[in-house]
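Descriptive analysis of the structure
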Amino acid sequence: RRDALAMCSLSAEAMLARHPRFYLKLMSTLRSQLACIEADFFQDVEYSSGEGNFIVQALRRLCGACDGLNKRKRHGDDSLDKLKSVSQNLKSLTNERFGLNISGSVTDNDLDEDLDDVVDAIAYGEDNEMKQEDDTNILTRLKQHNSEQMM
């Protein structure tokens, strides 16, 4: 789902080193799925505006977080190296198959826009009906999200 991918990518910098196997599986799955969709998917007006598609932004954040991984790794664990390899594979696939460059950095403005989308997803369901969730719960979830971004 869109919201899950957005949340995982928004917290990638803080969580990637802690949960490398999760992100490895996520990025491997994304690569497999992208390899199966039509090459003009990101050009189709119904689905996207190319570079502005939420998938492209999420891939940029995920690959950017992988690129920023430090060289330290746990004894006997090559997950971080695998993450960098999957990141490179995703970059190559999106460039060759879709003509998209996901190597660029994501700006603070992009993060703010994505956070707005996440807030809307929390407050409103898929059907844009206001959820019966009180403001306190929404604020708690946003604070948690922001604290994860600061780590």
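Right above here is the structure, for reference.
So, a few notes on the structure that sits alongside this text.

What counts, and at which threshold
- Residues numbered from 1 in each chain as written.
- Predicted model: local features only at pLDDT ≥ 70, side-chain atom pairs only at ≥ 80, totals over all residues.
- Heavy atoms only, no water.
- Helix = DSSP H or I, 4+ residues; strand = E, 2+ residues; numbered from the N terminus.
- Buried < 20%, exposed > 50% of the residue type's maximum accessible area, 1.4 Å probe, protein only.
- Areas by Shrake-Rupley, 256 points an atom, 1.4 Å probe, with all protein chains shown as cover.
- Core = buried A, V, L, I, M, F, W, Y, C linked by side-chain atoms within 4.5 Å.
- Contact = heavy atoms within 4.5 Å.
- Axes fitted to C-alpha atoms, helices over the stretch in contact; angles between N-to-C directions.
- Parallel < 35°, antiparallel > 145°, perpendicular 65-115°, else oblique.
- Left-handed = near helix turned anticlockwise from the far one by under 90°.
- Salt bridge = Lys/Arg side-chain N within 4 Å of Asp/Glu carboxyl O.

In terms of helices and strands, the protein carries seven helices and zero strands. For the protein, the α and β elements follow one another from N to C terminus as α-α-α-α-α-α-α. Burial statistics for the protein: of 151 residues in total, 39% are counted as buried. Accessible area for the protein stands at about 9500 Å²; split by element, carbon and sulfur atoms hold 49% of it.

Okay, the nonpolar core next. In terms of nonpolar packing, the biggest core is built from 31 residues, with Y23, M27, F42, L62 and L83 touching the most fellow members. Mapped onto this core, the elements with two or more residues apiece are helix 1 (2–10), helix 2 (12–15), helix 3 (20–36), helix 4 (54–67) and helix 5 (79–98). No other element matches helix 4, which puts eight residues into this core. Sequence-distant contacts of M27, defined by excluding residues within four places in its chain, comprise L62, C63, C66, L83, V86, S87 and L90.

This next bit is on the packing of helix 3 against helix 4. Two elements in contact, helix 3 and helix 4, have axes separated by 12 Å at closest approach and are oriented at 135°. Of the possible angle classes, the one that applies to helix 3 and helix 4 is oblique. As helix 3 packs across helix 4, the resulting crossing turns out to be left-handed. Counting all contacts with helix 3, which are made through Y23, L26, M27, L30 and L34, the residues of helix 4 involved are L59, L62, C63 and C66.

The next subject is the pattern of salt bridges. One pass over the structure, following the stated rule, counts two salt bridges. Among the ionic pairs, D67 bridges to K91, the shortest N-O distance being 2.5 Å. Of this pair, D67 sits in helix 4 while K91 sits in helix 5, and the two are 24 residues apart along the sequence. You can call D67 partly exposed: its relative accessible area is 38%. Taking relative accessible area as the criterion, K91 reaches 11% and is therefore assigned buried.

This paragraph deals with the packing of helix 3 against helix 5. Interaxial distance between helix 3 and helix 5 falls to 10 Å at its minimum, and their mutual angle equals 20°. Classified by the interaxial angle, the pair formed by helix 3 and helix 5 is roughly parallel. By crossing handedness, the relation of helix 3 to helix 5 is classed as left-handed. Facing P20, R21, Y23, L24, M27, S28, L30, R31, L34, A35 and C36 of helix 3, the residues of helix 5 in contact are S79, L80, K82, L83, V86, S87, N89, L90, L93, T94, R97 and F98.

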